[in-house]
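Structural features, examined
Residues per chain, in single letters:
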Amino acid sequence: MANLHRFANPNRFLRFSRVILPWLAGITALLFIVGLYYALFASPADYQQGETVRIMYVHVPAAWISMFGYSVMAGASATALIWRHPLADITARAAAPIGAGFTLITLATGSLWGKPMWGTWWVWDARLTSVLILFFLYLGHIALSRAFDDPTRGAKAAAVLALVGFVNVPIIKFSVDWWNVLHQPASVSRLAAPAIDPSMLRPLLIMALAFTFYFLTLLLLQIRAELTHRKVRALQLAQASAQ
Amino acid sequence: MRPKHRRLYFVLFGMAALGIATALVLSAFRDGLVFFYSPTDLVERPAEPGQRLRLGGLVEEGSVSRDGATVNFVITDLNQTVAVSFTGILPDLFREGQGVVTEGMMQSDGRFVASDVLAKHDENYLPKEVADALKASGNWREGAVDSTENAPQ
């Protein structure tokens, strides 16, 4: 029973997350209903792209969350390495498959958008390639952190990988400014006013908020599952050594 | 609490060193990471005939002419121009004043024969009515002009 004391703090987390999870899930559903209504029905077609522009309302939020998820994972990894907080490793481990999912959505919707607009599914320009690398970093983290039966053993190596891979995040963000690429430059996060008409910016921001809450909901669920899993494992080990 | 601080400085130092190393590598490979060359790049450093490369810029206004299945047009970066010919299906967004990236070979007569043409989209999103109203009122700022600000010098 000796290592059960480590879950004193996580127990508090379990209680706290049980209370806020239904709220998070409810807000996510509400934002998705409103956001999808605006994105699919209550927003105009683009003057150049026509109806195809609606792919943006999924592609852009997914891309933002794929980078946000990696930042969460890198932040949690740094916390785990420096302060040895028991929840940090679990957060990093939980964020990886979720982030990988959002990156896959980004790549798939980007490809579907690229074919009609650019005339190609895929090009090896700096933006697209750096996002593909992000996807592989996620996969590497998933593989490394789950390579051992004892989840704590792979955690350190995976944390170092997450921190090293973090250099890719600013490269993704600024690739459209640093090199000439096929991908267009940033429309929303720039010093001048956003280059998107308010009637199209509104659904984009609602969808971005919906994706953020969706990510947080999934992250909390995944952390809870991981905590429960470890608790079961610790109890089994304790039982086995008692016999 | 010394070990905690040691680990903190170790991680901070490691991230800083990694960031600087990456910045150095990326700036060293700057030319290699370019997805396409501009007409000015090609005039300054002429490519050998037969070397495959990508050429990008704006389709010059009034330069598009069709000769059967072959399309001839001029790519400009508002500084230099290169004449391009292409046989095949053009993407929907291809039009005069639009940013494009073409892939092909420089011919010995200075023409660029493209085997692929990709349309480059700009970062502006507008409903059609707003774009029409801006054009009608004379306040239209061509999206293409915006993208040349980011074009290679």
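Everything numeric in this text was worked out from a predicted model, so none of it was measured.

The subject of this paragraph is the interface of chain B and chain A. Counting residues at the interface gives 34 residues for chain B and 34 residues for chain A. Secondary-structure elements contributing two or more residues to the side of chain B that touches chain A are helix 1 (2-28), strand 6 (112-120) and helix 3 (128-137) of chain B. For the side of chain B that touches chain A, the leading source of residues is helix 1 of chain B, giving eight residues. Residue composition of the side of chain B that touches chain A, by class: 21 nonpolar, six polar and seven charged.

Let us now look at the pairing of strand 3 (residues 70-76) of chain B. Residues and elements named next belong to chain B. Strand direction decides the pairing type here: strand 1 (residues 52-59) and strand 3, joined by two bridges, are antiparallel. By the bridge assignment, Val59 is partnered in strand 3 with Ile75. Pairing geometry for strand 2 (residues 65-67) and strand 3, over three bridges, is antiparallel. For Arg66, the partnering residue across the bridge sits in strand 3 and is Val71. Between the end of strand 2 and the start of strand 3, which pair antiparallel, lie two residues, with Gly68 showing a positive phi angle near 70 degrees.

All names here are of chain A. For helix 3 (residues 86-117), which comprises 32 residues, the first-to-last C-alpha distance of 47 Å matches the rise-based estimate of 46 Å (1.5 Å per residue) to within 8%. At Ala96, helix 3 shows its strongest bend, of approximately 25 degrees, with the proline Pro97 following within four residues. In the segment just after helix 3, Gly119 is the residue with positive phi, at about 100 degrees.

Further remarks concern the packing of helix 2 (residues 56-83) of chain A against helix 1 of chain B. Two elements in contact, helix 2 of chain A and helix 1 of chain B, have axes separated by 8 Å at closest approach and are oriented at 140 degrees. In this structure, helix 2 of chain A contributes A:Ala78, A:Leu81, A:Ile82 and A:Trp83 to the contact, and helix 1 of chain B contributes B:Lys4, B:Arg7, B:Leu8 and B:Val11. The residue makeup of the contact of helix 2 of chain A with helix 1 of chain B, split by class, is six nonpolar, no polar and two charged.

Further remarks concern unusual backbone geometry. Within the chain, A:Arg84 stands out as a residue other than glycine whose phi angle is a positive 55 degrees. Structurally, A:Arg84 is set in the loop between helix 2 and helix 3. In this structure A:Arg84 comes out as exposed when scored by C-beta crowding, with 12 C-beta atoms within 10 Å. Not every positive phi belongs to a glycine, and B:Leu78 is a case in point at roughly 65 degrees. Checked against the element boundaries, B:Leu78 lands in the loop between strand 3 and strand 4 (81-87). In this structure B:Leu78 comes out as partly exposed when scored by C-beta crowding, with 15 C-beta atoms within 10 Å.

Now for the pairing of strand 5 (residues 99-106) of chain B. Residue and element names in this part refer to chain B. Alignment of strand 1 against strand 5, held across seven bridges, turns out to be antiparallel. Looking at the pairing, Gly56 lines up with Val101 of strand 5. Pairing of strand 5 with strand 6, which is carried by eight bridges, proceeds in the antiparallel orientation. Bridging from a neighbouring strand, Val101 pairs with Leu118 of strand 6. Hairpin geometry of strand 5 and strand 6 is characterised by an intervening segment of five residues between the two adjacent antiparallel strands and by a positive phi of about 90 degrees at Gly110.

What counts, and where the lines are drawn
Within any chain, residue numbers begin from 1 and follow the written order of that chain's sequence. For naming, the first written chain is A and the first written ligand is 1, with later ones following in the order written. Two thresholds apply to this predicted model, a pLDDT of at least 70 for residue-level local features and 80 or more for giving and counting side-chain atom pairs, whereas whole-chain, interface and lining totals are computed over all residues. Contact between two residues is assigned whenever their backbone-derived C-beta positions fall within 7 Å. Where helices and strands are cited, they refer to DSSP runs of H or I of at least four residues and of E of at least two residues respectively, numbered from the N terminus. For this scheme, ten residues count as nonpolar: Ala, Val, Leu, Ile, Met, Phe, Trp, Tyr, Cys and Pro. Four count as charged, namely Asp, Glu, Lys and Arg, and the remainder, Gly too, count as polar. Strand pairing is defined by DSSP finding a minimum of two bridges between the two strands. Under the convention used throughout, the expected extent of a helix is 1.5 Å for every residue step, that is, one less than its residue count. Two axes enter the definition of the bend at a residue: one is fitted to the seven residues ending there, the other to the seven starting there, and the bend is the angle between them. Axis definition: a line fitted to C-alpha atoms, limited for helices to the stretch in contact. Angles are taken between N-to-C directions and run from 0 to 180 degrees. Three classes are used. A residue is buried when 20 or more other C-beta atoms lie within 10 Å of its own, exposed when 12 or fewer do, and partly exposed in between, with C-beta atoms placed from the backbone.

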